[in-house]
Amino acid sequence: MAPSKLEQGHGRVVLHNDGNANVFSEMSATYPLKLLSPQLPSPDVSVVYMLSYGGGLVGGDRVQLDVEVYDGARLALLSQGSTKVFKARPGQRLSARSKLQSVTTQRLTVRVAPESALFLLPDPVTCFRAAKYEQVQTLHLCKDSSAVLLDWITSGRRSLGEKWAFSQYFSLNEVWIEDKRVARDAMLLEERDVFSGPLTPRTLAESLAPYSCYATLIMYGPLLEDTMRHLTAAYGAITVFKQHAPPPLLWSLSPICEGRGCVVRVAAKETEHVKNWIGSALKQLESILGVDVYRRAFS
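The notes below deal with the structure included here. Here the structure is a predicted model, which means the values were calculated and not measured.

Within the secondary structure, Asn22 is located in strand S2 (residues 22-29). Given a relative accessible area of 15%, Asn22 falls into the buried group. One polar contact links Asn22 to Asn17, side chain to side chain, over a distance of 2.8 Å.

Shown next as structure tokens:
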């Protein structure tokens, strides 16, 4: 049966393994979403790059991507550079109507069959001044599926003096095992008075200082057991003591599904510190995805 026609901004990826190699039974997308898949030497590992025309998304863009992974296939979803979110295209003036529709939205829905795996490892989201961005990412897994979901955001274009200068950022990540929701993580950042009453209001930048990058990492499944065991041991060995100044990087770990999964949160003063930490934490993905794919995600 021929694939149905996609609406604007929609994409669909369906990956199988025919017993010899991975095969895309469908991979299609419409503007402003673009999908590319390079050839890899591994027969059971595939990569799809999620791209946008013009180097970023603008106010009013709507992107929805549906992904399905079957038959023991392993799929890595990557991006090329940070996901840049603009208020409007350069040189474009917002009309009264477009101002009301200026929120940029992305929706990702993934279904992973038994013994299959999905690794969502994009570069961070970077919202420019006055931009509004919302994303919802939902993973539907089976008990013996495996998945990694990385969701992270930077403070913006610091070289231009933009530090947490966007209007709104909302991100919601949900993980379902069979028909049970096992994780729901939401982050809302917006420029408003954090305190009211007698307390002095603080800007968003003041509230998030001194850190310029925040990340959430959700892992689940048999392929991640060694990684989660290593991180759990490392977190248990951390000694908490009073410091005179905030450390350059902080992280925490919370188990889910009776230890079959976990949620890791990271904050750092530099985006590169977060990237290096996550790359080290997920080092065992080299043996799961291959050195080439690992380096594509963390080089």
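The next point concerns the sheet that holds strand S13 (residues 168-177). Strand order in this open sheet of seven strands is S2-S1-S5-S8-S11-S13-S14, and the pairing throughout is mixed. Edge positions in the open sheet fall to S2 and strand S14 (180-190), since each of these has one partner strand only. Between one strand axis and the next, the sheet turns through 5° on average, direction left out of account. Pairing between strand S11 (residues 132-141) and S13: 10 bridges, direction parallel. Looking at the pairing, Glu134 lines up with Phe170 of S13.

Right, let's get into the nonpolar core. Counting residues in hydrophobic clusters, the biggest one holds 38 residues, and the most contacted among them are Phe119, Leu121, Met219, Val264, Leu282 and Leu285. Setting aside residues up to four positions removed in sequence, Val264 forms contacts with Ala215, Thr216, Leu217, Met219, Leu231, Trp251, Ser252, Leu253 and Trp277. Core analysis: the next-biggest nonpolar cluster, separate from the first, contains 31 residues, Leu15, Leu35, Leu118 and Leu139 among them.

Let us look at the packing of helix H4 (residues 271-281) against helix H6 (residues 291-298). Axis angle and axis distance: for two packed helices, these are the angle between their axes and the distance between the axes, and together they describe the pair. One way to put it is that H4 packs onto H6 with a least axis distance of 10 Å and a crossing angle of 160°. As summarised for this structure, H4 and H6 are arranged roughly antiparallel, according to the angle between their axes. The two elements H4 and H6 meet at a crossing, and its hand is right-handed. Contact residues: H4 offers Lys275, Ile278, Gly279 and Ser280, while H6 offers Tyr294, Ala297 and Phe298. In terms of residue class, the contact of H4 with H6 is made up of four nonpolar, two polar and one charged.

So, about the environment of Ala183. Mapped onto the elements, Ala183 comes out in strand S14. With 35 residues separating them along the chain, Ala183 and Ile218 place their C-alpha atoms 8.6 Å apart. Not counting residues up to four positions away in its chain, the partners in contact with Ala183 are Asn173, Glu174, Val175 and Ile256.

What follows concerns unusual backbone geometry. Note the cis peptide between Tyr31 and Pro32, where omega equals 10°. Positionally, Pro32 belongs in the loop between S2 and strand S3 (33-36). The amide bond that connects Ala209 to the next residue, Pro210, takes the cis arrangement and shows omega of 5°. By the secondary structure assignment, Pro210 is in the loop between helix H2 (204-208) and strand S15 (213-220). For Asp71, which is not a glycine, the phi torsion comes out positive at approximately 60°. Of note, Asp71 is situated in the loop between strand S5 (62-69) and strand S6 (74-78). Judged by its relative accessible area of 46%, Asp71 falls in the partly exposed class.

Each value, and the rule that gives it
Residues numbered from 1 in each chain as written. Predicted model: local features only at pLDDT ≥ 70, side-chain atom pairs only at ≥ 80, totals over all residues. Heavy atoms only, no water. Helix = DSSP H or I, 4+ residues; strand = E, 2+ residues; numbered from the N terminus. Buried < 20%, exposed > 50% of the residue type's maximum accessible area, 1.4 Å probe, protein only. Polar contact = N/O pair within 3.5 Å; in protein donor to acceptor, adjacent residues only side chain to side chain. Pairing = 2+ DSSP bridges. Axes fitted to C-alpha atoms, helices over the stretch in contact; angles between N-to-C directions. Core = buried A, V, L, I, M, F, W, Y, C linked by side-chain atoms within 4.5 Å. Contact = heavy atoms within 4.5 Å. Parallel < 35°, antiparallel > 145°, perpendicular 65-115°, else oblique. Left-handed = near helix turned anticlockwise from the far one by under 90°. Nonpolar A, V, L, I, M, F, W, Y, C, P; charged D, E, K, R; others polar.

It is worth stressing that arrangement in space is one thing and function is another; only the former is reported here.
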